[in-house]
Amino acid sequence: MQLIPIPAFSDNYIWALHDGRRAAVVDPGEADGVAHWLKQQGLQLDTILITHHHPDHTGGVAALREATGARVIGPAHEPMPEPLRRVGAGDTVEVLGLHFEVMEVPGHTAGHIAYHTPDMDGRPLLFCGDTLFSGGCGRLFEGTPAQMLDSLTRLAALPDDTRVCCTHEYTLSNLKFALAVEPGNAALVDYATRCQALRAQNFPTLPSSIGLEKKINPFLRTREVAVAQSALAREPGSANDAVAVFATLREWKNVFR
Ligand code: ZN
Ligand code: FE
């Protein structure tokens, strides 16, 4: 099985799986790049997985379904105009012989879901949409800090070697913020250097892994003393609990340049 990020727009990735014959794509915000790739590789599109309703994740669904007859699987609790199989927490979907478990991860949107399989060629794999990014997390358009922290905490509980397929290449700007929060984190400094080298050659920084994100992503590190101290310095007098630290970090990131 092959796992490939198809670039779309300025910084989206449409993640694709294929077995040499059939393919599946996740969050196709546009159809042309995917259609071109399918043709070039001689693949039949079997399945489209959707994590949430935003247009940069769904804009290509109708055209791809019409062109290929692929089935569409998406979240049970999101506004979705497409004919699709709606799935929620604990549902299992079989895609190209892989068994994915659906997790509900509200925060970025109210009905956002993620797809996780324990074994794709011997390692776990996660499609997490706009919930978890490398070094960051999605903006809270429809959820509360407590909801998003709970969603991220459940993703962080997946095995360390889980490959994390995020739908945006936001890593460098996320790491700039992460370094402002935690300048003394040696793993973070080292990772930022490696990501700068990758982006300088136009390579993706993804997939990341759960084990790595737990070491470098401030939004998964709200219980670390250094992270909490930075949040308290930013919002003096705020509560020193994980949700308050998370809320402070998220608001700080919203205005960070
Ligand atoms: Zn989104
Ligand atoms: Fe997005």
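Quantities reported herein were computed from a predicted structural model and do not represent experimental measurements.

Undergrad: Sorry if this is basic, but what is going on with the coordination of the iron ion (ligand 2) here?
TA: Octahedral six-donor coordination of a metal ideally yields angles of 90 or 180 degrees, compared with 109.5 degrees for tetrahedral four-donor coordination. Bound to the iron ion (ligand 2) on the protein side are Asp56 (OD), His57 (NE2), Asp130 (OD) and His168 (NE2), at distances that span 2.1 to 2.3 Å. Of note is the iron ion (ligand 2), whose 4 donor atoms meet at the metal with angles of 86 to 167° in an arrangement that counts as irregular. A gap of 3.2 Å separates the iron ion (ligand 2) and the zinc ion (ligand 1), which Asp130 links by coordinating each metal. One end of the pair, Asp56, is in helix 2 (residues 55–58); the other, His168, is in the loop between strand 13 (163–166) and helix 5 (171–181), and 112 residues separate them in sequence.

Undergrad: What is the right way to read the packing of aromatic side chains from this model?
TA: Each pair of aromatic rings is reported with the distance of its centres and the angle of its planes. All chains considered together, the criterion is met by 7 aromatic pairs. With 6.0 Å between their ring centres and 20° between their planes, Phe177 and Phe219 make a pair best called stacked. Of this pair, Phe177 sits in helix 5 while Phe219 is found in the loop between helix 7 (210–216) and helix 8 (225–234), placing the two residues 42 residues apart along the sequence. Of the residues examined, Phe219 reaches a relative accessible area of 1% and is grouped as buried. A connected cluster of aromatic rings, assembled from ring pairs, spans Phe177, Phe219, Phe246, Trp252 and Phe256.

Undergrad: Quick question: what am I supposed to make of the coordination of the zinc ion (ligand 1) here?
TA: Within the protein, the zinc ion (ligand 1) binds to His52 (NE2), His54 (ND1), His108 (NE2) and Asp130 (OD); these donor distances fall in the range 2.2 to 2.3 Å. Each of the 4 donor atoms bound to the zinc ion (ligand 1) contributes to angles spanning 87 to 173°, and the resulting shape is irregular. Each donor residue of the zinc ion (ligand 1) belongs to the same chain, with the gaps between them written as H-x1-H-x53-H-x21-D.

How each quantity is defined
- Residues numbered from 1 in each chain as written.
- Chains lettered and ligands numbered in written order.
- Predicted model: local features only at pLDDT ≥ 70, side-chain atom pairs only at ≥ 80, totals over all residues.
- Heavy atoms only, no water.
- Donors = N, O, S within 2.8 Å, 3.2 Å for Na, K, Ca; no water.
- Tetrahedral: all angles 85-135°; square planar, octahedral: opposite > 155°, others 65-115°.
- Helix = DSSP H or I, 4+ residues; strand = E, 2+ residues; numbered from the N terminus.
- Phe/Tyr/Trp six-rings, centres within 6.5 Å; stacked < 30°, edge-to-face > 60°.
- Buried < 20%, exposed > 50% of the residue type's maximum accessible area, 1.4 Å probe, protein only.

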